[in-house]
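Listed here are the chains, written in short residue letters.
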Amino acid sequence: MKLKEINRTAIQSWSPAQQHPIYLATGTSAQQLDASFSTNASLEFFELDLTEPSLDMKSCGSLSSSHRYHKLVWGPYGMDSDGHPSGVLIAGGENGNVILYDPAKIMAGETDVIIAESEKHTGPVRALDVNPFQNNLFASGGNESEIYIWDMNNFGSPMTPGPKTQPLEDIGCVSWNRQVQHILASASPSGRASVWDLRKNDLIIKVSDHSNRMHCSGLAWNPEVATQLVLSSEDDRMPVIQMWDLRFATSPFKILENHTRGVLSIDWSLADPELLLSCGKDNRILCWNPNTAEVLYELPTSSQWCFDIQWCPRNPAVLSAASFDGHIDIYSIMGGTNQAQSQRHADQISNSFGNMDPFGTGQTLPPLQLPQTAAPPLTVNPLKKPPKWIRRPVGASFAFGGKLVSLENTKQQPPSHVVHVSQVVTETAFLQRSDRLQATLSAGSFVGFCQEKIDVAENEFEKTLWSFLKANFESDVRSKYLELLGYNKEDLALKVNVDGLITQALLTGDFEGAVELCLHDNRMADSIILAIAGGSELLEKTQKKYFTKTHSKITKLISAVVMKDWHDILKTCDLQNWKEALAAVMTYAQPEEFSTLCDLLGGRLEAAQDAHLRAQACLSYICAGNVEKLVSCWTTAQDAHCPLSLQDLVEKVVVLRRAVEQTQRSGPAAIGILLAEKMSQYANLLASQGSLSTAITYLPDDAGQVRDTPGPYPQVSQYPPAAGGGPVYQPLQYSSSSSSAPPPAEPPGFLSQYTQPTSPVYPGHPPLSQCPSSSPPSHPPFLPSSSSSFSFSAPPSSGASFQHGGPGSPVSYMPPPPPVGFSGTKLRKVLTNSRRRRISWPNGGRGVPLALSAPLLRPSSSRPGEHFQPLQSIPAEKIMKKPIPEEHLVLKSTFEGLIQKCLAVATDPQTKRKLDDANKRLEALYDKLREQTLSPAIVGGLHSIARSVESRSYAEGLNIHTHIVSSSNFSETSAFMPVLKVVLTQANKLGV
């Protein structure tokens, strides 16, 4: 796309890459005249301002000159030292002149602008190039094989790279190597190129085409490969660009052929070595990939030849082309439209008439407007490949499981496309502690684990907490708890008297000691009451000394011991004496009420204003074995969110859950919402560190349901272990027409509770139930439970497959191939005559067995090769569902009644279809209620929704719905909660 243009018949040079803003220097071209036949010459400087939509470039300065120029080169010499803030412009004149200009002074309007000048050459200076490594050095080439190396620090004494080449000829171009600073190449119109080594001050190699038709017009080094260069030919008989490698300099190793007439100029992009520009006598400007000889881009040009083309050093997407029609055009290779150019042409036509009255009509001409029916702007396509400067040199992205995917675009040729996947571990200490916990779980060494935690505890509370956890794995747990609270029967004799001793004796169950202390202290009433609890013998000994009834501080405790009313004492006791209260419960409470009493005390402690007392509630919950409340209390007390804090919590939870399992001799307790959330966070953190196998063991697992990884990651389901290995995790793929979200998988083994359906038997094929399979029978293929299309295969040896189109549609069963020797003609006949096998899906296909209702096939005779004949149909088996528990029947009646009310008032067919579908899909909820697989929290939430429906508070029901979904396991609720939301939304909308 054309960006700017300059109306000049001139040669050009861009400002160095270090210069900002970008300038373009132009000099009157030697041996060319413009349309006015003017013999004047000048240097001009134009600023490239791409924010200005006009095609005109702003002139920033000019200098009248007595010279016309063959070549201009703008180097960065002096920019770093501020000696020449805009660098130095080097000009090659028609009379052997080499002139150094200061562009900054020219643009500032000063007169003393020439830095140095020399007439060392004997003819026109057609070749110039600045050394890219030492910008004070530049090379020039003229007639009779003259090549000079100039040092701008010592301009008066140029050197030669070596003896002149023979025969003597004009030097058309010179170029410094882009990788090795002392290598220089020169080329002449005869087609020969010479390579010089300035360290040896000698010619090291010559390259030339053996056809003798190569008239060299351009020379350029590969920006990245030091031994490669290109030569262009201006001969119409050989309009090519030759690519040479000096390691094999006998002939060009690649030839770029697309121009139809001679090539006049070339330029190799320093920003992307896969971009090479060329222009020729065929009025074309091409952009090549020299590595593949492919033309990547062709610029739209005028009908005149372009004799010079250059990349902009600072903006690599911009190039300039000087043509013989008196224009220098600025282009972008990134595509665009010609709208600005069309408007410019219209403005030029309008301005040529001005606002005068050229026809004497007495009226001025209105502004010229383009017709509304003008052709649409021409859109120019960009490069076929992204240029290197907009490609990412490196890239990285984090993936699930702590994987880091990275890429690097190397400079090697051909480029390597390698993606690196590495494991990133940021929480080393966290993983080490997690591994230690896993080892403890595997070995069952909880006592040693707890002791380690006690030894390294940073504070007394942490030490006490782990001591209580350790006590769960020792004999006589309550006695250990009492010791940890500071009460010991053996130490009682060493104590002094008063109320504290009596209390300790009572808390340790030493009735006789307590009575003796009361008698010693003349507390007869207390001693008699205690004696009653201590037995008839002790009572008889004490009653005779009882004279009066007295009251004391521990009367209430005595009453509780005798009357066994521990709820009252725990509700009313002073929380500062929580240890005594807890010790009393440990001593006297019955096993069936012990946990409840500990929970009661823990609740009071947790609600206290004192932060120290709130923290002590954790000990009560440990004694009660209440994991969920321990999690809540610990989370509130710690108020930390680092991985190691989460590890602390998980260690305590795991140890306590295992202790509860051992002491109560029961299976794993149900996981509450808060614990499930913490476990999910823990599993997610483990997964982010790459510990996937450990993470999967911590995901909340309720009633054998499939465990879903939390967070915005693809759903991963655990398949049965592969042969000889651990679990294999594979993503489930769905193609659903009703929703973009993938439906959840049914829990493993969800078919195992039903009778295995009878499967067709074929000669040479065992029944499906007997076919070998890589997975155990209790783990059938996972089937989606919402409206989606899917297919799965029967065991490999059967060759059968199933396809399902969604709820309410039958599942097609494709029979396996017939035995070997069964002819193709007979097979075609069988397939034509026998209908597809179908599998019925009651209740929309959710959690029901596969019941085949298709005729079996058998050969009509025992002779091999005979076709199969249909046998009798096997009816689908009837599935007897369990009844919904009576306390949950209200859910079914409420939701079904709501749907019927909505159907009664709905007029839109689409709404009715939605409600009918919802009525069917809610069967998934009723199935879960029958099997009692829903957690208590979800069931309670559903009952709250039902009460909201009865009171017509649908907005409140939707709020409860949102809370359930956000705080529950996705796989547990996704089969019915979206449907329930649809029903509530429609009810709210219809106002039923």
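Residues numbered from 1 in each chain as written. Predicted model: local features only at pLDDT ≥ 70, side-chain atom pairs only at ≥ 80, totals over all residues. Heavy atoms only, no water.

Under the Function (unreviewed entry) heading, UniProt states for the protein: "Component of the coat protein complex II (COPII) which promotes the formation of transport vesicles from the endoplasmic reticulum (ER). The coat has two main functions, the physical deformation of the endoplasmic reticulum membrane into vesicles and the selection of cargo molecules." (UniProt positions renumbered as here; feature names shortened; annotations may be inferred.)

Student: Explain the UniProt feature "repeat: WD" (unreviewed entry) in the protein to me, please; I cannot follow it from the model alone.
Tutor: Sites flagged by UniProt as "repeat: WD" (unreviewed entry) map to residues 118–154 and 256–298. Measuring from the first to the last C-alpha atom of residues 118–154 gives 12 Å, for a span that is 0% helix and 41% strand. (Helix = DSSP H or I, 4+ residues; strand = E, 2+ residues; numbered from the N terminus.)

Student: I tried to follow the sheet that holds strand 16 (residues 202–207) on my own but got confused; where do I start?
Tutor: What links the strands of a sheet is backbone hydrogen bonding, and the strands pair in either a parallel or an antiparallel sense. Judged by pairing direction, the sheet is antiparallel, and its four strands sit side by side in the order 13-14-15-16 without closing on themselves. One side of each edge strand has no neighbouring strand; the edge strands of this open sheet are strand 13 (173–176) and strand 16. Taken over all neighbouring pairs, the strand axes of this sheet differ in orientation by 20° on average, direction set aside. Where strand 13 and strand 14 (residues 183–187) come together, four bridges link them in antiparallel fashion. Bridge pairing in strand 14 places tryptophan 176 opposite leucine 184. (Pairing = 2+ DSSP bridges. Axes fitted to C-alpha atoms, helices over the stretch in contact; angles between N-to-C directions.)

Student: Is there a simple way to think about the pattern of salt bridges in this case?
Tutor: Here the idea is simple: oppositely charged side chains can pair when their charged atoms come close. One pass over the structure, following the stated rule, counts 28 salt bridges. Between aspartate 236 and lysine 281 there is a salt bridge whose closest N-O contact spans 3.6 Å. Linking aspartate 236 in the loop between strand 18 (228–233) and strand 19 (241–245) with lysine 281 in the loop between strand 22 (276–280) and strand 23 (285–289), this pair joins segments that are 45 residues apart in sequence. The partner of lysine 892 in a salt bridge is glutamate 896, with the nearest N and O atoms 2.8 Å apart. On the criterion of helical spacing, the pair formed by lysine 892 and glutamate 896 is a turn pair, its members being four residues apart in helix 21 (residues 889–905). Through salt bridges that share partners, Asp272, Glu274, Lys385 and Arg391 make up one connected network. (Salt bridge = Lys/Arg side-chain N within 4 Å of Asp/Glu carboxyl O.)

Student: Help me out: how do you make sense of helix 27 (residues 977–990) in this one?
Tutor: Given 3.6 residues per turn, any residue in an α-helix points the same way as the ones three and four places further on. If you check helix 27, its first and last C-alpha atoms are 20 Å apart, about what 14 residues at 1.5 Å a residue would give, namely 20 Å. All buried positions along helix 27 are accounted for by Met977, Val979, Leu980, Val983, Leu984, Gln986 and Ala987. The inward-facing, buried residues of helix 27 contact helix 21, helix 22 (909–921), helix 24 (936–950), helix 25 (954–967) and helix 26 (970–973). (Expected span 1.5 Å × (residues − 1). Buried < 20%, exposed > 50% of the residue type's maximum accessible area, 1.4 Å probe, protein only. Contact = heavy atoms within 4.5 Å.)

Student: What should I look at first to understand the environment of arginine 199 in this one?
Tutor: Among the structural elements, arginine 199 can be located in the loop between strand 15 (193–197) and strand 16. Measuring from C-alpha to C-alpha, the distance between arginine 199 and histidine 182 comes to 6.5 Å, with 17 residues separating the pair along the chain. In this structure the side chain of arginine 199 is engaged in a polar contact, spanning 3.1 Å, whose partner is the side chain of histidine 182. (Polar contact = N/O pair within 3.5 Å; in protein donor to acceptor, adjacent residues only side chain to side chain.)

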